[in-house]
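Here's the letter readout for the chains.
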Amino acid sequence: MTQSFDYIELKIPAKAEFLSVIRLTLSGIASRMGFAYDEIEDLKIATSEACTNAIQHAYTSNEHGEVIVGFGLYGNRLEVMVADNGISFDFLAAKQGIGRYEETDSVEFLREGGLGLYLIESLMDEVRIHNKEGVTVFMIKYLEGEQVERDVETIST
Amino acid sequence: MNISIETKEKDQLITVNISGEIDAYTAPKLRESLFQLAEKKESVIIINLSGVTYMDSTGLGVFVGVFKNIRSNNGQLKLLGLSSRLMRLFEITGLSTIMDISGQIEGEVS
């Protein structure tokens, strides 16, 4: 079944100064779709994290690429896709050593990074990462109520 | 610039007011200012975040780094005035159990 949707795309230089532009655009789109304040803030963080990863990787590999952010606007959900410009890196390696801090972690060994992917997975309903000819992060956030209905369906026997 | 950092020092007590957005663009400036302050021995650094409208993992990384430096210099770090959004970020990542954070601001603390 093909669902109709609206598609909006932004292409920015891989520079951190444009992250706020992405967030502003995203805010506009998400509030237009009827997302609540907290959901919009979650979307802003997850999308920023994905863009930051793409930008930082482009920067460390000394290539001034571009980052593409695509928004798929469906009736019940917003899909966000963040793709770097064909610069591939080892996402599985990047995923290792991430996650939340534990109370028992000793202060001098606390990690100072690696929380980005963990936050993306915590704040979005679905996350898929493709690592082929560059990295694409694909994220979905459902409008309130939609996801709950799906959950109820799977729980009731 | 999308971030403003004001610092007041009185003996060992350092108070910092941060307002604006903390992301990968503004974090380097924040890191530079705070790491300088964290060099001081046995200081108490109180950071008011009530003016922070956006923060992500780059901001958390800066605060974790500063926290480690301050502790290694036998100092203390307190983060005050966290909005419910910022509080959520510290809770999701488990940092709320490790660092001294509060939603209240200085004047309200009894």
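Details of the structure are given in the entry above.
Bear in mind that the values here come from a model prediction, so they are computed numbers and not experimental data.

Looking at the environment of Asp125(A)
Working step 1: Looking at where Asp125(A) falls in the secondary structure, it is placed in the loop between α4 (116-123) and β4 (126-131).
Working step 2: Separated by 60 residues in the primary sequence, Asp125(A) and Gly65(A) place their C-alpha atoms 29 Å from one another.

Regarding the interface of chain B and chain A
Working step 1: Chain B puts 24 residues into the contact, and the matching count from chain A is 26 residues.
Working step 2: Of all the elements in the fold, those that place two or more residues in the side of chain B that touches chain A are α2 (57-72) and α3 (84-92) of chain B.
Working step 3: Of all the elements, α2(B) adds the most residues to the side of chain B that touches chain A, at 10 residues.
Working step 4: Here the side of chain B that touches chain A is composed, by residue class, of nine nonpolar, nine polar and six charged.

A closer look at the sheet that holds strand β3 (residues 77-83) of chain A
All names here are of chain A.
Working step 1: As summarised here, the arrangement of the five strands in space is β1-β2-β3-β5-β4, forming an open sheet in which the pairing is antiparallel. Each edge of the open sheet carries a strand with a single partner, namely β1 (6-13) and β4. Taken pair by pair, the neighbouring strands of this sheet meet at an average axis angle of 15 degrees, ignoring direction.
Working step 2: Pairing analysis gives six bridges linking strand β2 (residues 66-73) to β3, with the strands arranged antiparallel. Pairing of leucine 73 across the sheet is with leucine 78, part of β3.

Points about the sheet that holds strand β3 (residues 44-55) of chain B
Residues and elements named next belong to chain B.
Working step 1: Pairing within the open sheet is mixed, and its five strands lie in the order β1-β2-β3-β4-β5. One side of each edge strand has no neighbouring strand; the edge strands of this open sheet are β1 (3-10) and β5 (100-101).
Working step 2: As judged from the two bridges shared by strand β4 (residues 76-80) and β5, these two strands associate in the parallel manner. Paired with lysine 78 across the two strands is aspartate 100, which belongs to β5.

The rules behind these values
For every chain, the first residue of the written sequence is number 1, and numbering continues from 1 along that sequence. Chain letters and ligand numbers both follow the written order, the letters beginning at A and the numbers at 1. Per-residue local features of the predicted model are confined to residues with pLDDT of at least 70, and side-chain atom pairs are confined, for both listing and counting, to 80 or more; whole-chain, interface and lining totals are unaffected and use all residues. In this description a helix means any DSSP run of H or I spanning at least four residues, a strand means any run of E spanning at least two, and both kinds are numbered starting from the N terminus. Two residues form a contact once the distance between their C-beta atoms, set from the backbone, is within 7 Å. Under the scheme applied here, ten amino acids are nonpolar (Ala, Val, Leu, Ile, Met, Phe, Trp, Tyr, Cys and Pro), four are charged (Asp, Glu, Lys and Arg), and all others, including Gly, are polar. Any two strands are treated as partners once DSSP identifies two or more bridges connecting them. Here an angle of 0 to 180 degrees is reported between the N-to-C directions of two axes, which are lines fitted to C-alpha atoms, with helices fitted over the stretch in contact.

The values are spatial; any link to function lies outside them.
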